[in-house]
Amino acid sequence: MSLLEKRFGQVVREEREKKGWSQELLAEAANLNRSYLGEIERGLVTPSLVTISKLAAGLDVAPSTLITRWENDAA
């Protein structure tokens, strides 16, 4: 696990928590497995562009929103 994956996971978690959602709700909205979402949030995996797009759609944000937040926070 690198700092980059960990920070992206934090961005996803923060966006999810802003909505007041559980991991289960986001996983369902993004059509992802809840366990996999947990691994993303903990920075244990590197999500693909397809997964980032699914997360963004589930969160009702543009994929660039997640990437920009990650990029700004990782710098």
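Residues numbered from 1 in each chain as written. Predicted model: local features only at pLDDT ≥ 70, side-chain atom pairs only at ≥ 80, totals over all residues. Heavy atoms only, no water.

Q: Explain the packing of helix H2 (residues 23-30) against helix H4 (residues 49-59) here, please?
A: For any two helices packed against each other, the geometry comes down to the angle between their axes and how far apart the axes lie. At their nearest, the axes of H2 and H4 sit 8 Å apart, and the two run at 110 degrees to each other. The orientation of H2 with respect to H4, classified from their angle, is roughly perpendicular. When you trace H2 past H4, the crossing you get is right-handed. The residues of H4 that touch H2, namely those facing Leu26, Ala29 and Ala30, are Lys54, Leu55, Gly58 and Leu59. (Axes fitted to C-alpha atoms, helices over the stretch in contact; angles between N-to-C directions. Helix = DSSP H or I, 4+ residues; strand = E, 2+ residues; numbered from the N terminus. Parallel < 35°, antiparallel > 145°, perpendicular 65-115°, else oblique. Left-handed = near helix turned anticlockwise from the far one by under 90°. Contact = heavy atoms within 4.5 Å.)

Q: Could you clarify how one ought to interpret helix H3 (residues 34-41) in this entry?
A: Count 3.6 residues to each turn of an α-helix, and residues three or four apart come out pointing the same way. Residues Leu37, Gly38, Ile40 and Glu41 constitute the buried set of H3. Considered in projection along H3, the buried side chains sweep an arc of 160 degrees and stay on one side of the axis. Buried residues along H3 sit against helix H1 (3-18), H2 and H4. The opening residue of H3, the one whose side-chain oxygen lies 2.7 Å from the backbone nitrogen of Ser35, is Asn33. (Buried < 20%, exposed > 50% of the residue type's maximum accessible area, 1.4 Å probe, protein only. Arc of directions from axis to C-beta. Polar contact = N/O pair within 3.5 Å; in protein donor to acceptor, adjacent residues only side chain to side chain.)

Take it as geometry only, folks, not as evidence of what the structure does.
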